[in-house]
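The lines below spell out each chain.
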Amino acid sequence: MRSVGHDTFGAPDQVLTEREVETPVAGPGQVLVRTLLSPIHNHDLVTVAGNYGVKPTLPAVGGTEAVGVVEAVGEGADEALVGRRVAVAGSPGTWAEYFVAPAGAAIAVPDAMTDEAAAQLISMPFSAISLVEFLGVSAGDWIVQTAANGAVGKIVAVLAKSRGLNVVNLVRREAAVAELAELGIDNAIATESADWVAQARALIGDDGARAAVDSVGGDVANGLAELLGEDGLLVTFGAASNQPLVISSGPVIFKQLTVKGFWGAKVSRTTSAEDRARMFGELIGLVLDGSLALTSGGTFGLDQPTDAVTASQSPGRTGKIMFRP
């Protein structure tokens, strides 16, 4: 079958190529899925570069999430899944015509949901809803998040609105404030403004935010610490700037702040089946009622890995770049 993979770790636009590999076979408890669409996530590219928390055995086929149709099941898997359209994440090798995944990881997709939405239903949305629950916030609380115009940031904003949470949405550029406004996301502030902390404080009030999420790294964390209230929580979710988190000790000490890391893959493994079902039900409901828009920013063939990677890293895109075999 055709696939997109790499023999070495390195810059994705340089090491990813189209290649023929053996079509996988569903083993015990697995399903064989024919890929319809598979998105390119940031963590996929970091994995190809060799800088993620886990490294695949080389040579490797890229991708970890997709929507597809179950073609076959292995021993012990439910045969009723054959022919069903399913969403799958956390299964390496989705940038291919076929891939295998644990049957328990395959989520049946409602007919009313588009392939574009189903292809990205799990990784980013589930990370976002897990992150919101990780914060331990309640209706009426304030949250501050960086990279609010990113995939997870937009989903957090939608979830917060549906749950009655207040959010300050930080972006780097003033232009991104307007972009968020067009999506109905308010309380957006550009950190390129010298007074962004003061602007945020005017929204939050004297009690400060209950929690903050940083996906950027660098000095912005200092501002987040200033905006947190007593016993506030600062969660580091990513490091888009590739800079270390910089936080002055004063706010941490005197407000007794807590700083924690969040890795979606690890949190997902410890989430109960009951909570997973509840959270996915909430996400599917938000997609189907139009509150949560999961759109495609463009599709590419498996013979276009360089073009696809370039598009996925281009600023200003409005949706996920995807491979369509």
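Our subject is the structure that appears above.
As the structure is a prediction and not an experimental result, all values here were calculated from the model. (Residues numbered from 1 in each chain as written. Predicted model: local features only at pLDDT ≥ 70, side-chain atom pairs only at ≥ 80, totals over all residues. Heavy atoms only, no water.)

(A) Local environment of the overall build of the protein chain. Helix and strand counts for the protein chain stand at twelve helices and 16 strands. Taking 325 residues into account, the globule formula puts the C-alpha radius of gyration at 20 Å, and the protein chain, at 20 Å, falls close to it. Across the 325 residues that make up the protein chain, the buried fraction comes to 48%. Long-range contacts, defined here as pairs at least 24 residues apart, represent 68% of the contacts in the protein chain between residues at least 6 apart. Accessible area for the protein chain stands at about 14600 Å²; split by element, carbon and sulfur atoms hold 51% of it. When the 22 basic and 36 acidic side-chain charges of the protein chain are each reduced to a single mean position, those positions are 2 Å apart. (Helix = DSSP H or I, 4+ residues; strand = E, 2+ residues; numbered from the N terminus. Rg over C-alpha atoms; globule rule 2.2 N^0.38 Å. Buried < 20%, exposed > 50% of the residue type's maximum accessible area, 1.4 Å probe, protein only. Contact = heavy atoms within 4.5 Å. Areas by Shrake-Rupley, 256 points an atom, 1.4 Å probe, with all protein chains shown as cover. Lys, Arg positive; Asp, Glu negative; His and termini not counted. Charge placed at Lys NZ, Arg CZ, Asp CG, Glu CD.)

(B) Region of interest: unusual backbone geometry. Here the amide bond leading from Leu58 into Pro59 is cis, since omega sits at -5°, within 30 degrees of zero. Among the structural elements, Pro59 can be located in the loop between helix H2 (42-49) and strand E4 (60-61). Positive phi outside glycine occurs at Asp231, with the angle close to 60°. Mapping Asp231 onto the fold places it in strand E13 (residues 228-236). Taking relative accessible area as the criterion, Asp231 reaches 46% and is therefore assigned partly exposed.

(C) Structural detail: the pattern of salt bridges. Enumeration over the complete set of coordinates arrives at twelve salt bridges. The salt bridge partner of Asp7 is Arg19, with a shortest N-O separation of 3.0 Å. Here the residue Asp7 occupies a position in the loop between strand E1 (2-6) and helix H1 (12-15), and Arg19 occupies one in strand E2 (residues 17-20), the gap between them amounting to twelve residues. You can call Arg19 buried: its relative accessible area is 16%. Salt bridges sharing partners connect three or more residues here, namely Glu133, Arg163, Asp275, Arg278 and Glu282. (Salt bridge = Lys/Arg side-chain N within 4 Å of Asp/Glu carboxyl O.)

(D) Spatial organisation of the packing of aromatic side chains. On inspection of all chains with the given rule, the structure shows five aromatic pairs. Seen in terms of ring centroids, Tyr52 and Trp263 are 5.9 Å apart; in terms of plane orientation they differ by 85°. Their pairing is edge-to-face. Here Trp263 lies in the loop between strand E14 (258-261) and helix H10 (264-269) and Tyr52 lies in the loop between H2 and E4, a separation of 211 residues in the sequence. Among the aromatic residues, those joined into a cluster by ring pairs are Phe134, Phe237 and Phe262. Positioned above the aromatic ring of Phe9, the side-chain terminus of Lys55 is 5.3 Å from the ring centre. (Phe/Tyr/Trp six-rings, centres within 6.5 Å; stacked < 30°, edge-to-face > 60°. Lys NZ or Arg CZ within 6 Å of the ring centre and 35° of its normal.)

(E) Spotlight on the nonpolar core. Among the nonpolar cores identified, the biggest contains 46 residues, and Met113, Ile122, Leu131, Leu135, Leu159 and Leu292 are the most heavily contacted of them. Other than its neighbours up to four places away in sequence, Leu159 contacts Ala128, Ile129, Val132, Glu282, Leu283 and Leu286. (Core = buried A, V, L, I, M, F, W, Y, C linked by side-chain atoms within 4.5 Å.)

(F) Spatial organisation of the environment of Glu230. Counting through the fold element by element, Glu230 comes out in strand E13. Glu230 sits 27 residues away from Leu257 along the chain, and the two C-alpha atoms are 7.0 Å apart. Apart from the residues lying within four places of it in its own chain, the contact partners of Glu230 are Asp207, Phe254 and Lys255.

(G) Inspection of the packing of helix H5 (residues 151-163) against helix H11 (residues 273-288) at higher detail. The geometry of H5 relative to H11 is characterised by a closest axis approach of 12 Å and an angle of 100° between their N-to-C directions. Considering their axes alone, H5 and H11 lie roughly perpendicular with respect to each other. For the pair formed by H5 and H11, the contact residues are Val158, Leu159, Ser162 and Arg163 on the first element and Arg278, Glu282, Leu283 and Leu286 on the second. Within the contact of H5 with H11, the residues separate by chemical class into four nonpolar, one polar and three charged. (Axes fitted to C-alpha atoms, helices over the stretch in contact; angles between N-to-C directions. Parallel < 35°, antiparallel > 145°, perpendicular 65-115°, else oblique. Nonpolar A, V, L, I, M, F, W, Y, C, P; charged D, E, K, R; others polar.)

(H) Looking closely at helix H4 (residues 123-134). With twelve residues, H4 should cover 16 Å at 1.5 Å per step; its first-to-last C-alpha distance of 16 Å lies within 8% of that length. With respect to burial, H4 is a largely interior element, ten of its twelve residues being buried. For H4, the full list of buried residues reads Ser123, Met124, Pro125, Phe126, Ser127, Ala128, Ile129, Ser130, Leu131 and Val132. Trailing H4 by a residue or two, Gly136 shows a phi angle of about 65°, which is positive. (Expected span 1.5 Å × (residues − 1).)

(I) A look at the sheet that holds E2. What the three strands build is an open sheet, ordered E2-E1-E4; its pairing is antiparallel. At either end of the open sheet lies a strand with only one pairing partner, and these are E2 and E4. For E1 and E2, the ladder comprises four bridges, and the chain directions are antiparallel. Along E2, the bridge assignment pairs Gly5 with Thr17. (Pairing = 2+ DSSP bridges.)

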